[in-house]
Each structure stands twice: as C-alpha cells, then as structure tokens.
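Overview (structure and organization)
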Amino acid sequence: MATTPAPDRAAPQPDAAPERRPAARKVTRHRGEGQWARGHFTPLNANEQLKKDDDGLNVRTRIETIYAHRGFDSIDSADLRGRMRWWGLYTQRRPGIDGGKTAVLEPHELDDEYFMMRVRIDGGRLTTDQLRAIGEVSQAYARGTADLTDRQNVQLHWVRIEDVPAIWERLEAVGLSTTEACGDVPRVVLGSPVAGVAADEIIDGTPAIDEIHRRFIGSKEFSNLPRKFKTAISGSPLLDVVHEINDVAFVGVVHPEHGPGFDLWVGGGLSTNPRFGVRLGAWVPLKEVPEVWAGVISIFRDYGYRRLRNRARLKFLVADWGAEKFRQVLEDEYLKRSLLDGPAPEQPAQRWRDHVGVHRQKDGNFYVGFAPRVGRVDGALLSKVADLAAAHGSGRLRTTVEQKMIVLDVAEAQVDSLVAGLEALDLRVSPSPFRRGTMACTGIEFCKLAIVETKERGRSLIDELEHRLPEFDEPLTININGCPNACARIQTADIGLKGQLVTGENGEQVEGFQVHLGGALGLEPSFGRKVRGLKVTSAELPDYVERVLRRFQAERTEGERFAQ
Ligand code: SF4
C-alpha cells in the first residue's frame, strides 16, 4: 500500500527541505493550517517544534541511561512535559493544590516529581500472568494504585523515574508495554471485550488489532501526528467500543454478498467541539483492516491541521472535507484502489453494552463481567482477581470501555464459585445501575488539569444513590469529569457532570459541576444538553441526581426509559 512516509524530524530543518515529504504536492505559500501534505513543515507552535526537534520515542533511551540514574531534576523540560508521554508517562499533580489554582499556576508549579504511568492494553486483552505483573508493579512501585480507564488501559500513580526501567522490564516480560500510551501517536486500539467468545459476535477483530500493533505501534512512521489518534475495532452487535467518538472505527457488519466484515467510520472525538464519527459507506474485510487503518492515519499525519492544538484532531479535517472527499482521498492517494460499498450497523438490541453479568459464550462456557466503583481498584486486588480467574477460567481476562472487567472461559460448574469470589472482593457481578453506569476520570487527586475531585465523589455518589433509590432499575449513565475536558465522556452520558468551581451557599467558590443531560451513544447518538444555569456543588450532587431520577419515575410515560 502507499502510505506516505513521515518526514525525518530528527534535526531541525528548513521549511523547504524535509527529507521525506509527501511526493508531488503543490506547496502553497500561505502556511494555513500547517499541513505537511501542503508542503508546510515549519512548526507553527511549541508542540510541533518539540516533535520536530526529536521524536518522542527517542526519550526512552534517555530515561534508561540518564534520568533513571540521575533522578527527577535531571530531566530535560521538553522531555518531562512532552516526549515522556510517548512512553505513557505524565507528571502527576502536586498534592495540596486546589482546583482554583489549576489555570493560574505555571506547569512546573503543578508538577509533582512522581508520574502517572499508563499501561496500554490493546483490545482490553489480559492474561492472568499479565494482570499479576500489573498488580506486582502497582504494589512495588506505585504505592498500590491502579485505575481501570475507560479506554481499556490501566493507570498507575506515584511512579518514580528511578523505577521506570524496572517497571518496563517487568511489564515487557509478560508482553505488556507503555509504548505510545499517551502523546501525539496511535493510542491503544479499543477492541470488543468479548471478541472471539461472544455467542452473538458478527466477526472477531482481534487479528486486525494484533497486526496494527505489530506493524505500527512504536514505529516512527506514525510517531509524529498532529495530535492523538484513537482507534476502535469491534465485531459485536452491541457496538461495545464507543466507535462513534474515535478517530477511526471498524464496526462489525454483514455484507449481503461478501459476508462479515467492518463498516468504516472516521472523525469522532469529544473534548472541545465534540463530533460523532461519520460513516464512509465502505465495507472492509478483516484482512484489509490494517491497510485501511494505515491509510486513514496517514491522511491524518499528512493533511491534519498542525497550526492550532485545539484544531489538530482528525474530526476537524473530516468536518471540513466531508465523508465523500475523505473516502476519495483515502482511495486515490493512499490505497490506490476503490473500497467496496457496504451496509450500516444495526441498532443494538440492548442499552447496557458493558458485558457485566454472567453470559454464555459461543463455546458453551461463560464469561463473567464485574464492576468495581468508577474503575478504582488496586494492585493487591488485581492480584486476587488474577488468582480467581486462574482458578475458574482459562487465564484470560478483558477490560471494558466502561471501567469494568471480565473473566472469560468459565465452565458452568465454576460460575457460582467465581461470582462468590468476586463479590467477596466487592466486585459486583450484579451491580446496581448506579455502580454499573457511573464512570469518573482521574480528577484532582492526580491530574494537573483538574478543577475538582472525581473518583471519591463518584464512589460516594454510587453509595448514596444505592441507599436512597434501592428500587431504581433502569440503564443509566452518570459520567464525571474533573474539568472541561472529556476523559470520562460526559457529553455522551444520560447525566454528564463537568467539573468546575461554582458558587456555594454563602457566595464562596466551591467544587461543583455543570450538568449536561440526555447524551447517548449508539446509532442515534446525541450530545447531552448543557442545562443553562444548572450547576450543582459537589456536596449537593446526591440530592440533585436523586431529584432528577425521582422526577423521571413520577412522570415517565408507559415504556419510557431514562436512557434514550
Ligand atoms: Fe484530568 Fe480533566 Fe481528563 Fe479528568 S477530564 S482526567 S480532570 S484532563
């Protein structure tokens, strides 16, 4: 295939002389959006300069040979706040800085000398050995911390630079990595958590995820993108990987002539200016998914906007071009062939798509999905889960995009014992809708962008709602963000809570949330409406959510569900 190689960025170069530029394209005089495909290679902002000065992947050598030996103070600032992300490392927030100072302090004033480390888990696939390794690393090097993220990863905190090489060694020994877990790169590839086992599966996308990982993750072909690039691949009819809000997504469909394959979506993303992905109307067979993925990410690399960081996601290019032009460029310039037209996915049969509960697999065994609260677990707990999975299953587990986990391959006779073991660890297999449907981002405990606390707020909200509304039994999503970003997908939740400072009872500024209501994913996705003027303090949150849900129960029409 004809993906266009990235220009060499190892050394600063004049605008007109990149070593490997997209061929035969007219250079326009105006630098416009800084698109490489238009011949504009001179960095237009500090982030682009940083990437041109040195590839983010190169920082690993400096970590191993210099920083881990000489300590935090030896780390170059461009590496510290930039390139270390290419290896899944961010400095975490210094404890004790309140949310009111987030926007006014300089980055170095917010930096702690400890790191968040993101372990990438493509497809959410884990073995018990891998889960044990994460548990061990958590306990040995991360003060026991471990959070399940809503992109199927695990995040550790309190990591010291001195320990990073040892952590990599332990993780890589079992086939895990932190490569390109953050940064302007292809992030973790989301996959159906029940790929290969679900009885209702249309197609198993695992071979495509493996091939993308093998060929492209850690490759300098795609290590300098305009910004992050998110991928989702699922052959589940439940549409279980939030494909609507990924830069590229492959969604399982059955072509009337060619059988099972994937419907291609591009240009989804949340944060500021949220947009749902659009269908290109193209059907992609499994074996061609890596090639088409490489074509789409190459368009992003070459045509993506690099002038303004807040316009540098693929969604802006897709919005400007439209689906028809995007497909044309993909076919003409990158694939050098036409794609087949194909059908759209069908509406999923159920609202819950997290695979929580006990479900029969296609081989007659069962998978068992369970819910911690808002993804918060710890290293010791993960080690116990690994022991349970080893004793009751085949040693395979999965993470989900809802901060949940699944044990696969459980014989019918073992199900009750596994469920009892998980419940004894407070990991619910039949959780309340509140525990099942509530997610929270990292928040002020560790995140430098945060304004409010989220994890503990989410935990206590779940407990309060379970106590106050024990009879409530509707699919419901409550997503809690610690700032205006979108890490917990607040725009697509039934009740989305965007962290900010609000005015308290006595006129003082306190932690609280702007409320968004009515978001949804699926084939009829919608962004939640920002309820003008509706802001609640963190302390008022349980009262507010209880009122909304009680009003729904009192006023609902027959058959009406809270979730759209
Ligand atoms: Fe941090 Fe904001 Fe993302 Fe939460 S939503 S993890 S506070 S950047």
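This write-up is about the structure you can find in this document. Predicted, not measured: the structure shown is a model, and the values here were computed from it. (Residues numbered from 1 in each chain as written. Predicted model: local features only at pLDDT ≥ 70, side-chain atom pairs only at ≥ 80, totals over all residues.)

Taking strand neighbours across the sheet as the criterion, the five strands line up as 1-2-5-4-14 in an open arrangement whose pairing is antiparallel. Two strands lie at the open edges of the sheet, namely strand 1 (89–93) and strand 14 (376–378), each paired on one side alone. The mean inter-strand angle of the sheet, taken between neighbouring strand axes irrespective of direction, is 35°. The strands that helix 11 (residues 379–392) touches are strand 4 (145–148) and strand 14; relative to strand 14, the one it contacts most, it runs at about 80°. (Pairing = 2+ DSSP bridges. Helix = DSSP H or I, 4+ residues; strand = E, 2+ residues; numbered from the N terminus. Axes fitted to C-alpha atoms, helices over the stretch in contact; angles between N-to-C directions. Contact = placed C-beta atoms within 7 Å.)

Moving on: unusual backbone geometry. The phi dihedral of His 355 falls on the positive side, at around 65°, and the residue is not glycine. Residue position: His 355 is located in the loop between strand 11 (340–341) and strand 12 (357–360). Backbone geometry at Val 374 places phi at a positive 40°, although glycine is not the residue there. With respect to the helices, strands and loops of the structure, Val 374 is situated in the loop between strand 13 (366–370) and strand 14. Accessibility expressed as a C-beta count within 10 Å gives 27 for Val 374, which makes it buried. (Buried ≥ 20, exposed ≤ 12 C-beta atoms within 10 Å, placed from the backbone.)

Right, let's get into the pairing of strand 6 (residues 186–191). A large share of strand 6 lies buried, amounting to six of its six residues. Handedness of the crossover is the feature at issue here: the chain leaves strand 6, passes through helix 7 (residues 206–216), returns alongside strand 7 (residues 229–234), and the resulting connection is left-handed. (Right-handed = clockwise from strand over helix to strand, strands pointing away.)

Taking 1.5 Å per residue as the helical rise, helix 5 (residues 128–141) with its 14 residues ought to reach 20 Å, and the 20 Å between its terminal C-alpha atoms agrees with that figure. Taken across its 14 residues, helix 5 has ten buried, putting it largely inside the fold. Three or more residues of helix 5 are buried, namely Thr 128, Gln 130, Leu 131, Arg 132, Ala 133, Ile 134, Gly 135, Val 137, Ser 138 and Tyr 141. Phi turns positive one or two residues past the end of helix 5, at Arg 143, with a value near 50°. (Expected span 1.5 Å × (residues − 1).)

Strand order across the open sheet formed by six strands is 6-7-8-9-10-11, with mixed pairing between neighbours. With one partner strand each, in any of the chains shown, strand 6 and strand 11 form the two edges of the open sheet. Here strand 10 (residues 278–284) runs beside strand 11; their pairing, made up of two bridges, is antiparallel. Directly across from Ala 282, in strand 11, lies its bridge partner Asp 341. Helix-sheet contacts for helix 7 involve strand 6 and strand 7, and the interaxial angle to strand 6 is about 165°. Across the sheet, helix 8 (residues 289–303) lies against strand 6, strand 7, strand 8 (248–255), strand 9 (259–266) and strand 10, angled at about 160° from strand 7, the strand it touches most.

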